[in-house]
Amino acid sequence: MNFTSPLLNWYDAHSRNLPWREQKDPYKIWLSEIILQQTRVEQGMAYYYAFVERYPGIRQMADATEDEVLKLWQGLGYYSRARNMLHTAQFVTRQLNGSFPSTAKEIQKLKGIGPYTAAAIASIAFNEPIAAVDGNVLRVISRFFGIQDPVDKPDGRSQVDTLANEYLNRLRPGDFNQAIMDLGSQVCKPRNPLCSSCPIQKDCMANALGLTDKIPMKQGKTKVSEWHLDYLVLTNKGHIAMKQRTRQGVWKNLWDFPETNISSPTVRDEFPEIPSEISHSTQIPELLATFSHKLSHRDITARFFLLHISNTPDTINGQNVIWTPKKRFGELAVPILIEKFWSKHQQNFD
Ligand code: SF4
């Protein structure tokens, strides 16, 4: 099968000029890979530049606080990536004397790094001959070789891994991996692949069999659950009550408002219950906005209720809160849902 040579020739002529490809610094390659785990290149680029400017090397990142890193990460979502990144920067700096591990096996021991990211870093930064299989690579390999087993099941997945490693160019493993990723994102797209301009079309099984819209086959889909939140936006003389989420989850350590978590909209009250810590108020909370927001595993509907109160309790519904002045709201790292609300309704707090 004519796969590797035409692929690398195409890459030499069409590879994208991306800033992390201009050198072999494992710190910058690692940073780019973490940012791009769930993010498109176009969106991730600005974040990459911001991080490199603020932390030119892993030692500078290791000295950052979690709040600083989360703030710089704000808007990218999947905040555990940022928390794990800081943890890894500190581990490499303090335990490994700033020297980034150089094999996929060792890199995978770092927090937040799975087999794909470890293989990508090892092959690109250290020339280790190992295939890095992400969603793009799964699609290209399964289509080209006509794999008709579900690639989200062990059997189909292992066929892809085996073929990717078998056809890997051992002299240019990093380029080979990046070439398939680029081909997957630019040509062999999930829908309507551009087969007529594909460098490996001649031997592509899916193209020959007319199966490009069927492959890669998948069996399972992630179950998405509904999540209903009522936020109480409490204010007192230009200060707003904010709480930090301490429980495990994608929003861990981000800031939001005191909330009531409601399992079903059918039992939703017209107004949220007033927490006992709030001094008696004759006011009724005012419904300011309702927002919908999608996470990978959750559809969130959040209502935001405004209530001006006369005291500033340290806890609301038993959870610690801080009273932040409106002008300092932007310094807190908040989920994108809260950012959306704030950018539309901050004038209500003047
Ligand atoms: S010929 Fe079409 S389906 Fe096959 S690898 Fe190229 S773009 Fe993908």
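Residues numbered from 1 in each chain as written. Predicted model: local features only at pLDDT ≥ 70, side-chain atom pairs only at ≥ 80, totals over all residues. Heavy atoms only, no water.

### Topic: the overall build of the chain
What counts, and what does not: By the criteria applied, helices consist of DSSP H or I runs no shorter than four residues and strands consist of E runs no shorter than two, each listed in order from the N terminus. Remark: exposure states derive from per-residue accessible area (1.4 Å probe, protein chains only) relative to the maximum for the residue type, with buried under 20%, exposed over 50%, and partly exposed in between. We call two residues contacting when some pair of their heavy atoms lies within 4.5 Å. Note on areas: Shrake-Rupley, 1.4 Å probe, and residue coverage restricted to the protein chains presented here. By the counting rule applied here, Lys and Arg register as positive and Asp and Glu as negative, while His and the ends of each chain are not counted. Here the site of a charge means NZ on Lys, CZ on Arg, CG on Asp, or CD on Glu.
Helix and strand counts for the chain stand at 13 helices and nine strands. Along the three orthogonal principal directions, the C-alpha set of the chain runs to about 75 × 50 × 30 Å. Looking at the chain residue by residue over its 350 residues, the buried ones come to 48%. Taking all contacts inside the chain whose residues are at least 6 apart in sequence as the whole, residues at least 24 apart take part in 68%. Here the chain displays about 17600 Å² of accessible surface, and carbon together with sulfur accounts for 49% of that area. For the chain, the distance from the average site of its 41 positive side-chain charges to the average site of its 36 negative ones is 2 Å.

### What about the environment of Ala 132?
Assignment of secondary structure puts Ala 132 in the loop between α8 (115-126) and α9 (135-144). Dropping the residues within four chain positions of it, Ala 132 is found in contact with Tyr 116, Ala 119, Ala 120, Val 137, Asn 177 and Met 181.

### With respect to unusual backbone geometry
Pro 216 follows Ile 215 through a cis peptide bond whose omega is 5 degrees. Assignment of secondary structure puts Pro 216 in the loop between α12 (205-209) and β1 (225-236). Its identity is not glycine, yet Lys 237 carries a phi of approximately 45 degrees, on the positive side. Tracing the backbone shows Lys 237 in the loop between β1 and β2 (239-244). Lys 237 gets classed as exposed once you look at its relative accessible area, which sits at 77%.

### Overview of the packing of helix α2 (residues 26-35) against α8
The angle between the axes and the distance between the axes are what describe a pair of packed helices. Short version of the rule: Each axis is a line fitted through C-alpha atoms, taken for helices only over the stretch in contact, and angles between the N-to-C directions span 0 to 180 degrees. The crossing is said to be left-handed when, going from far helix to near helix, the turn is anticlockwise and less than a right angle, and right-handed when the turn is clockwise. Polar here means any residue outside two lists: the nonpolar Ala, Val, Leu, Ile, Met, Phe, Trp, Tyr, Cys and Pro, and the charged Asp, Glu, Lys and Arg; Gly therefore counts as polar.
Interhelical geometry of α2 versus α8 gives an angle of 145 degrees and a closest axis separation of 10 Å. Along this stretch, α2 crosses α8, giving a crossing that reads as right-handed. Here α2 contributes Pro 26, Ile 29, Trp 30, Glu 33 and Ile 34 to the contact with α8, which in turn contributes Tyr 116, Thr 117, Ala 120, Ile 121, Ile 124, Ala 125 and Phe 126. Residue composition of the contact of α2 with α8, by class: 10 nonpolar, one polar and one charged.

### Some remarks on the packing of aromatic side chains
To keep things clear, this is the line we draw: Under the pairing criterion, centres of Phe, Tyr and Trp rings, with the six-membered ring standing for Trp, must be within 6.5 Å; the plane angle then separates stacked pairs below 30 degrees from edge-to-face pairs above 60, leaving the rest tilted. Here, a charge over a ring is recorded when the distance from Lys NZ or Arg CZ to the ring centre is within 6 Å and its angle to the ring normal is within 35 degrees.
One pass over the structure, following the stated rule, counts 21 aromatic pairs. Where Phe 51 meets Tyr 55, the ring centres are 6.1 Å apart and the plane angle is 45 degrees; that geometry is what we call tilted. With relative accessibility at 4%, the residue Tyr 55 sits in the buried group. A network of ring pairs unites the aromatic residues Tyr 231, Phe 257, Phe 291, Phe 304, Phe 329, Phe 341 and Trp 342 as a single cluster. Here Arg 298 stacks its cationic end above the ring of Trp 227, 4.2 Å away from the centre of that ring.

### Comments concerning the site of the ligand
Quick note on the threshold: To be near a molecule or strand, a residue needs just one of its heavy atoms within 4 Å of it.
The full set of residues close to the ligand is Arg 143, Cys 188, Pro 193, Cys 195, Cys 198, Ile 200, Gln 201, Cys 204, Asn 207 and Thr 212. For the shell around the ligand, the residue count by class is six nonpolar, three polar and one charged.

### Examining the packing of helix α3 (residues 41-54) against helix α5 (residues 66-73)
Rules: Here roughly perpendicular refers to angles of 65 to 115 degrees, roughly parallel to angles under 35, roughly antiparallel to angles over 145, and oblique to all remaining angles.
Viewed as axis vectors pointing N to C, α3 and α5 meet at an angle of 150 degrees, and their least axial separation amounts to 10 Å. By the angle between their directions, the pair α3 and α5 is classed as roughly antiparallel. Between α3 and α5, the contacting residues are Tyr 47, Ala 50, Phe 51 and Arg 54 on the first element and Glu 68, Val 69, Leu 72 and Trp 73 on the second. Here the residues of the contact of α3 with α5 are counted per class, giving six nonpolar, no polar and two charged.

### Quick word on a nonpolar patch on the surface
Selection rule: Nonpolar side chains (Val, Leu, Ile, Met, Phe, Trp, Tyr) within 5 Å and like charges within 9 Å form the patches, drawn only from residues with over 30% relative accessible area and no salt bridge. By definition here, a salt bridge exists when the distance from a side-chain nitrogen of Lys or Arg to a carboxyl oxygen of Asp or Glu is within 4 Å.
Judged by side-chain polarity, Met 1, Met 205 and Leu 209 come together as a nonpolar surface patch covering roughly 290 Å² of accessible area. Summarising the element assignment, Met 205 is placed in helix α12.

### Overview of the pattern of salt bridges
Scanning the entire structure with this criterion turns up 15 salt bridges. With a closest N to O distance of 3.5 Å, Glu 42 and Arg 40 form a salt bridge. Here Glu 42 falls in the exposed class, since its relative accessible area comes to 56%. Residues Lys 214 and Asp 213 are paired through a salt bridge, measuring 3.9 Å at the closest nitrogen-oxygen approach.

### Observations regarding the domain arrangement of the chain
For the record, the criterion: Note that the domain bounds reflect an automated or database-derived domain assignment. Throughout, buried area stands for the accessible area (probe radius 1.4 Å) lost by two parts on being put together, summed over both.
Assigned domains within the chain: domain 1 (4-209) and domain 2 (225-349). The centre of domain 1, based on its C-alpha atoms, is set 37 Å off from the matching centre of domain 2. Between domain 1 and domain 2, the residue contacts involve 10 residues of the former and 17 residues of the latter. Of the roughly 940 Å² buried between domain 1 and domain 2, counting both surfaces, carbon and sulfur atoms make up 47%. When the buried surface of domain 1 facing domain 2 is broken down by residue, Gln 74, Tyr 79 and Arg 83 rank first, second and third, together holding 45% of it. Viewed at the interface, domain 2 and domain 1 are joined by zero salt bridges. Examining the composition of the side of domain 1 that touches domain 2, we find that four residues originate from one element, α5, more than from any other. Its residues placed into classes, the side of domain 1 that touches domain 2 shows three nonpolar, three polar and four charged.

### Quick notes on the pairing of strand β6 (residues 298-308)
Note on strand geometry: in a regular strand, side chains alternate between the two faces of the sheet. Test applied: For two strands to be treated as a pair, DSSP must find at least two bridges joining them.
The pairing of β1 with β6 spans 11 bridges and is classified as parallel. Looking at β6, one finds that Asp 230 is bridged to Arg 303. As defined by bridge partners, strand β5 (residues 286-294) adjoins β6 across eight bridges and the pair is classed as antiparallel. Note on β6: the bridge partner recorded for Ala 289 is Phe 304.

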